[in-house]
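# Understanding the architecture of this molecule
Residues per chain are reported as follows:
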Amino acid sequence: MLLQMVSMDLNSASTVVLQVLTQATSQDTALLKPAEEQLKQWETQPGFYSVLLNIFTNHDLDVNVRWLAVLYFKNGIDRYWRRVAPHALSEEEKSTLRAGLITNFNEPINQIATQIAVLIAKVARLDCPRQWPELIPILIESVKVQDDLRQHRALLTFYHVTKTLASKRLAADRKLFSDLASGIYNFACSLWNHHTDTFLHHVSSGNEAAALNSLERTLLSLKGRNVDTDTVFRDKLEKTIILFTKVLLDFLDQHPFSFTPLIQRSLEFSVSYVFTEVGEGVTFERFIVQCMNLIKMIVKNYAYKPSKNFEDSSPETLEAHKIKMAFFTYPTLTEICRRLVSHYFLLTEEELTMWEEDPEGFTVEETGGDSWKYSLRPCTEVLFIDIFHEYNQTLTPVLLEMMQRLQGPTNVEDMNALLIKDAVYNAVGLAAFELFDSVDFDQWFKNQLLPELQVTHNRYKPLRRRVIWLIGQWVSVKFKSDLRPMLYEAICNLLQDQDLVVRIETATTLKLTVDDFEFRTDQFLPYLETMFTLLFQLLQQVTECDTKMHVLHVLSCVIERVNMQIRPYVGCLVQYLPLLWKQSEEHNMLRCAILTTLIHLVQGLGADSKNLYPFLLPVIQLSTDVSQPPHVYLLEDGLELWLVTLENSPCITPELLRIFQNMPPLLEQSSENLRTCFKIINGYIFLSSTEFLQTYAAGLCQSFCELLSDITTEGQVQVLKVVENALKVNPVLGSQMFQPILPCVFRGIIEGERYPVVMSTYLGVMGRVLLQNTSFFSSLLTVMAHKCNQEMDQLLGNMIEMWVDRMDNITQPERRKLSALALLSLLPSDNSVIQDKFCGIINIAVEGLHDVMTEDPETGTHKDCMLMSHLEEPKATEDEEPPTEQDKRKKMLALKDPVHSVSLQQFTYEKLKAQQELLGEQGFQSLMETVDTEIVTQLQEFLQGF
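### Things to note about the overall build of the protein chain
Tallying secondary structure elements over the protein chain gives 45 helices and two strands in all. A sequence separation of at least 24 residues applies to 73% of the contacts in the protein chain between residues at least 6 apart. Only carbon and sulfur atoms are counted for the fraction: they give 51% of the accessible area of the protein chain, which is about 44400 Å².

This is the structure in structure tokens:
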């Protein structure tokens, strides 16, 4: 039965744990094994580490028991101290432990004191200075005390803490350490001076024991001082050197031709320090980076590149080019290439240590967490790419020779050979495009690379990781489609690799592979379940925000490519995302990645995405609420998620309807997201026009009226399309709800709106009202006559005349047919104005017939090509996305839309027949005589058979 630490007082719990620790120090396996098992079970119990602290700080207990308690505590930091770790320690317990660790620096046993100093440093690496600001001040105060033991232990701890903090490699951490070091540098120097003077005094007085004691303190002070000197004292000299090189870089960038006299000397200087023995022992990283940037900028500078026709080049360009060519000889280029690969591309001890201790941090650094301008590895790789591209004819044989030397497997015991091969493979990956014609990659993949991926020895992991990266670089350059199943098999194996860095790199290559235009779903599907499961396990295992984002992007990419075929496998991810969303509250970029994943999930699940609403809708609500600070990061993806949720929703829900309360402030912003906002509004109209319009149309109409007066032409069209869709879906309710906008539309038509695309939309809106809500059109005409102080007939005549005149503004076939139907709907009529405009109406009708009438090859007769029937189902090809729920809604709407359900040919005949019956034969003939004879002939041809 597990010990419930939190339900017992500290002394009682300490007694129980002390007994088990004592058994764990026993030589008797009958006592040892159960004790170790019990301690393993307690590792994740709240309060266990508080008990361990209580035990190892009790100097009256057995040394071996205290030693074991310290070791368990130290191991616990590695496993459970990070906030995102499984079974992580609570913030409250960590706060108590931090305070307890630095209460007394009085450990009498040297070995235990060292372990305590190391574990304090481990906690400092994770928590200092943000969660543990008091650590350094307390250490500094403790070093000043007169008690020899306390002073020594504080110095020992101070040394381990500064050493650990200095080892952190991420840019933000290095900045924090630099700030910290500058604050304690003077103190460390004075400490070293004090103990040096004390040591010399004891030596001169013959006090050997005291002298040794002082010497040890002097050395501890010196170690701290050296760390600080690297980051503060030497930093001043380095900054001066960097300033000079920056002046050169800026000069070259801004005035390339004025720099020409300096090209030769700059190249000689940079290449000698970076690519020969001259620089060994005197260069430092930022200086090397600056020199490489200088070489790169000279190599790539367009001002120094002559035209294909040399005679067209300026004398300044030719002079600079001549200097470059004279410098970059075959021996120089060869040496630069070989040194870049064999020296700068080699993984360093520091990187390999980071790989072991912080694999996710290593991955972030390797993927170029810093800009290439300031970080050495990305900078060397960019320089290699640029030089290889510029001088590929010279350098390709050099690299091919390096490749040739590395054929076959490499001895796992020869770490240097493994690192050399890793570096060469890196170069081959970076130069993939340049090596297209020189490397038979398919054969190399089968004969060399695939076997190397199957070497499972731990020392071979740098090569497993490099090879799968290399394949990712070549997959879109030159990789036969038939080989992809072999690659997918390898990816499945590597996603189960024992090394985390290898698995993360494999995920990256998988993304590049499924992103490639030659990707075939049928080849991928047999591996989908395995890969998705392994990617999900990787997502759960990684703890860093950047890594989780990366794995999420890979999952999103896979979901996007296989679409609905992902459905059987997403259950685990669907359950995990709410937890990840909660954990990522302070990491907006991770939340953006989650939103992207949800977008692809909803698209893949289709109507089944409704099951996600309890999680999905609050996420959309938060992401699109402009009153919430995170919207700055989340809004764009949140709107996209909102849109695809609507498009795939099988029906409206109260919660989905309620989210629209976020829309009015978004419309006020008039931002780049406005287009998506209009798509969302249209999505609601198609989903549930009645409920939506009754709830929100009044406020929406007010927003639209404000927008129309202060928006671009494109924005006006988007607003009018919403009104048009509302009228299409629900003509009666749409007319009522958007009544305040329609006078603006009417006025725009009769005044002859000058922008064709706006005029076309005006006519589309008015066509819907005229054709599908005649009574409302009559009332609108009455209102407009009053506003314009004109007769209704006169206003109607002006509108018809402008409509006919601007018909060419309408380019969409659907709107052209709609116009013909709408104007024909005015017939039959004995109104003199309509009869006066009869010729124009017939012209529009005939134009419309030309647009829509096509010959039926089976019967030889003509038919309206826009007519749709329930039997017609679109034939989707393999490459096409399956129809969304909104696509289905639009299809059902189209079946009822007059544009797709009414034959223009028959409608024209019926209207003319009714007009003939109204006026009589003679009156109708008089009317037809107003129409051009050619138009009448065409009309008769279209109406044959009626």
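After that view of the structure, there is still more to cover.
### With respect to the packing of aromatic side chains
Throughout the structure, instances matching the rule amount to 33 aromatic pairs. Between the aromatic rings of Phe660 and Tyr684, the centroid separation amounts to 5.2 Å while the plane-to-plane angle is 80°, which identifies the pairing as edge-to-face. Taken together, the residues span a long stretch of sequence, with Phe660 in the loop between helix H30 (654-658) and helix H31 (663-669) and Tyr684 in helix H32 (residues 674-708) at a distance of 24 residues. Through a chain of ring-to-ring contacts, three or more aromatic side chains come together here, namely Tyr425, Phe441, Trp444, Phe445, Trp474 and Phe479.

### Description of the packing of H32 against helix H42 (residues 885-896)
Where H32 meets H42, the closest approach of the two axes is 10 Å, and the angle between their N-to-C directions is 60°. Put simply, H32 runs oblique to H42. Between H32 and H42 the crossing geometry is left-handed. Here Gly683, Phe686 and Leu687 of H32 lie close against H42, whose contacting residues are Gln886, Arg889, Lys890 and Leu893. Residues that form the contact of H32 with H42 fall into these classes: three nonpolar, two polar and two charged.

### Considering the pattern of salt bridges
Summed over the entire model, instances satisfying the criterion amount to 35 salt bridges. The salt bridge involving Asp499 is made with Lys461; its shortest N-O contact spans 3.4 Å. Placement of the pair is Asp499 in the loop between helix H22 (484-494) and helix H23 (500-515) and Lys461 in helix H21 (residues 461-474), with a sequence separation of 38 residues. For the pair shown, Asp499 and Lys461 are each scored as buried. Among the ionic pairs, Asp516 bridges to Arg484, the shortest N-O distance being 2.6 Å. Pair noted here: Asp516 is in the loop between H23 and helix H24 (521-541) and Arg484 is in helix H22, with a separation of 32 residues, a long-range link. Like Arg484, Asp516 is buried. The network of salt bridges with common partners includes Lys296, Lys300 and Asp386.

### A few points about the environment of Ala427
Mapped onto the elements of the fold, Ala427 is located in helix H19 (residues 415-430). In this structure Ala427 comes out as buried when scored by relative accessible area, which is 0%. Taking the C-alpha atoms as reference, Ala427 lies 8.4 Å from Ile385; in sequence the two are 42 residues apart.

### Comments concerning the environment of Lys246
Inspection of the secondary structure assignment puts Lys246 in helix H10 (residues 208-254). Classification of Lys246 as partly exposed rests on a relative accessible area of 42%. Remark: the alpha-carbon pair of Lys246 and Leu294, spanning 48 residues in sequence, is separated by 9.2 Å.

### Re the side chain of Thr317
By secondary structure assignment, the location of Thr317 is in helix H13 (residues 315-327). What makes Thr317 buried here is its relative accessible area of 8%. Here Thr317 is in contact with Phe257, Ala303, Tyr304, Lys305 and Pro306, once residues within four sequence places are set aside.

### Focus on the packing of helix H12 (residues 285-300) against helix H17 (residues 376-390)
As a packed pair, H12 and H17 sit with axes 10 Å apart at the nearest point and diverge in direction by 20°. Here H12 lies roughly parallel to H17, going by the angle between them. Seen from above, H12 lies across H17 with left-handed handedness. Residue-level inspection shows Glu285, Ile288, Val289, Met292, Asn293, Ile295, Lys296, Val299 and Lys300 of H12 in contact with H17, the latter providing Leu376, Cys379, Thr380, Val382, Leu383, Asp386, Ile387 and Glu390.

### A look at the nonpolar core
Most often, soluble globular proteins have nonpolar side chains that are buried together. If you look at the biggest cluster of nonpolar residues, it comprises 245 residues, and the most contacted ones within it are Phe384, Trp642, Ile681, Tyr684 and Phe704. Considering each element in turn, this core owes the most residues, 17 residues, to H32. In contact with Trp642, not counting residues within four places along its chain, are Ile620, Thr624, Ile659, Phe660, Asn662, Met663, Leu666, Ile680 and Tyr684. If you look at the next biggest cluster of nonpolar residues, it comprises 48 residues, including Ala69, Leu97, Ala121 and Val123.

### Section: the side chain of Thr396
Of note, Thr396 is situated in helix H18 (residues 392-404). One polar contact links the side chain of Thr396 to the main-chain carbonyl oxygen of Asn392, over a distance of 2.7 Å. Look past the residues within four positions of Thr396 in its chain and what remains in contact with it is Phe388, Leu435 and Ser438.

### Thoughts on unusual backbone geometry
Residue Pro129 follows Cys128 across a cis peptide bond; omega there is 5°. In this fold, Pro129 is placed in the loop between helix H6 (110-127) and helix H7 (135-143). The omega torsion across Leu827 and Pro828 is -5°, close enough to zero to call that bond cis. Looking at where Pro828 falls in the secondary structure, it is placed in the loop between helix H39 (813-824) and helix H40 (832-836). Look at His87: it is not a glycine, yet its phi comes out positive at around 60°. Locating His87 in the fold gives a position in the loop between helix H4 (63-80) and helix H5 (91-101). The class for His87 is exposed, based on a relative accessible area of 55%.

### Here's the deal with the environment of Asn588
Note that Asn588 resides in helix H27 (residues 588-605). Counting along the chain gives 46 residues from Asn588 to Leu634, while the straight-line C-alpha distance between them is 7.2 Å.

### Points about helix H20 (residues 441-453)
Note on helix geometry: an α-helix contains 3.6 residues per turn, so any two residues three or four positions apart are oriented the same way. Helix length check: H20, at 13 residues, gives a terminal C-alpha distance of 15 Å against a target of 18 Å (1.5 Å per residue), a shortfall beyond 12%. The largest bend along H20 measures about 30° and falls at Asn447, with the proline Pro451 one to four residues further on. All of the buried residues in H20 are Phe441, Asp442, Trp444, Phe445, Gln448, Leu449, Leu450, Glu452 and Leu453. Buried residues belonging to H20 abut H18, H19, H21 and H22.

### Description of the confidence of the model for the protein chain
Averaged over the protein chain, the pLDDT score is 88; the fraction of residues at 70 or greater is 89%. Within the model, the stretch residues 225-233 combines pLDDT values under 50 with 23 contacts to residues more than four positions away or in other chains. Note that residues 369-373 has pLDDT below 50 and, in this model, 13 contacts with residues that lie over four places away or in other chains.

### Brief notes about H39
Taking 1.5 Å per residue, twelve residues should reach 16 Å; H39 reaches 17 Å between its end C-alpha atoms and fits that length. Within H39, ten of the twelve residues are buried, leaving the element largely enclosed by the surrounding structure.

### Some words on a nonpolar patch on the surface
A cluster of nonpolar residues, Met589, Val632 and Tyr633, forms a patch on the protein surface that exposes about 330 Å² of accessible area. Summarising the element assignment, Met589 is placed in helix H27.

### Regarding the state of the cysteines
Disulfides are covalent bonds that link the sulfur atoms of two cysteine residues. One pass over the full model with this rule turns up zero disulfides. In this structure Cys379 is a free cysteine whose sulfur lies 9.8 Å from that of Cys291, the closest cysteine sulfur available. Judged by its relative accessible area of 2%, Cys379 is buried.

Conventions used here
- Residues numbered from 1 in each chain as written.
- Predicted model: local features only at pLDDT ≥ 70, side-chain atom pairs only at ≥ 80, totals over all residues.
- Heavy atoms only, no water.
- Helix = DSSP H or I, 4+ residues; strand = E, 2+ residues; numbered from the N terminus.
- Contact = heavy atoms within 4.5 Å.
- Areas by Shrake-Rupley, 256 points an atom, 1.4 Å probe, with all protein chains shown as cover.
- Phe/Tyr/Trp six-rings, centres within 6.5 Å; stacked < 30°, edge-to-face > 60°.
- Axes fitted to C-alpha atoms, helices over the stretch in contact; angles between N-to-C directions.
- Parallel < 35°, antiparallel > 145°, perpendicular 65-115°, else oblique.
- Left-handed = near helix turned anticlockwise from the far one by under 90°.
- Nonpolar A, V, L, I, M, F, W, Y, C, P; charged D, E, K, R; others polar.
- Salt bridge = Lys/Arg side-chain N within 4 Å of Asp/Glu carboxyl O.
- Buried < 20%, exposed > 50% of the residue type's maximum accessible area, 1.4 Å probe, protein only.
- Core = buried A, V, L, I, M, F, W, Y, C linked by side-chain atoms within 4.5 Å.
- Polar contact = N/O pair within 3.5 Å; in protein donor to acceptor, adjacent residues only side chain to side chain.
- Expected span 1.5 Å × (residues − 1).
- Bend = angle between axes of the 7 residues up to and from the residue.
- pLDDT = per-residue confidence, 0-100.
- Patch = residues over 30% accessible without salt bridge, like charges linked within 9 Å, V, L, I, M, F, W, Y side chains within 5 Å.
- Disulfide = S-S within 2.5 Å.

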